[in-house]
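Next come the chains, spelled out residue by residue.
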Amino acid sequence: MEVILVRHTKVNVVPGMCYGNTDVDVASSFEEEAERVRLALLKHEFDAIYSSPLQRCRKLALYCGYENMLLDERLKELNFGSWEGQRWDEIQDPRLQEWYDDWLSMPAGGAESFLQQYNRVSSFMDDLKETKSRNVCVFTHGGTIRAALIYAGKYNFNQAFTDDVDYGSQIRITI
């Protein structure tokens, strides 16, 4: 199965804001960015379209013409718990350094670790493999894409954050 993972476009937040699971809106540059994504996806035919339920992903899928997308909670970004909505450089939680030291298993802001996110995304991918689809498009988030890349064998956990996953990027994996 070929899966195109599409990261949402830029968001309307203050630079340096922790917003993972928060349902923030798209930035004012949305139409310009979304048009580039739409044009890139025109060359593909998909059997199924999935999206994170967060508006920044749904809006992009709709702009690209996919009104019948299937929403799945497992495609959400990492839940940063009590850190959501704060600027990274202003977070006073003493657990922040612990998370920097052990982001794989330490729950961010007391909510979710990257390993928990990986397991959530893996569950989605396992279910996806059970469908009859051959070509799938998934509108989602940077952390979710990184977890999917690990699942597909493109990275190991230590390599997960070595490359950027740009806003509006499309990454192909085979599962």
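Structure first, text after, so check above.
The notes below deal with the structure included here. (Residues numbered from 1 in each chain as written. Predicted model: local features only at pLDDT ≥ 70, side-chain atom pairs only at ≥ 80, totals over all residues. Heavy atoms only, no water.)

### So, the side chain of Ser-133
What counts, and what does not: Starting at the N terminus, helices and strands are each numbered in turn, a helix being any DSSP run of H or I of at least four residues and a strand any DSSP run of E of at least two. Burial here depends on accessible area, computed with a 1.4 Å probe over protein chains only, as a share of the maximum for the residue type. Under 20% is buried, over 50% is exposed, and the range in between is partly exposed.
Residue placement: Ser-133 occurs in the loop between helix H4 (114-129) and strand E4 (135-140). A relative accessible area of 10% means that Ser-133 is categorised as buried.

### A word on the sheet that holds strand E2 (residues 48-51)
What counts is decided by this rule: Two strands are said to pair when DSSP picks up at least two bridges between them. Here, two residues are considered to be in contact whenever any of their heavy atoms come within 4.5 Å of each other. Angles run from 0 to 180 degrees between N-to-C directions of axes, and those axes are lines fitted to C-alpha atoms, restricted for helices to the stretch in contact.
Across the sheet, five strands lie side by side as E3-E2-E4-E1-E5; this open sheet has mixed pairing. Across the chains shown, the open sheet's two edge strands, defined by having one partner strand only, are strand E3 (70-71) and strand E5 (170-174). In this sheet, E4 lies alongside E2 in parallel orientation, the contact comprising four bridges. Bridge assignment links Ile-49 to a residue of E4, and that residue is Cys-137. In the packing of helix H5 (residues 142-151) onto the sheet, the strands contacted are strand E1 (2-7), E4 and E5, and the crossing angle to E1 comes to about 155°.

In short, the description is geometric, and any link to function would need to be established separately.
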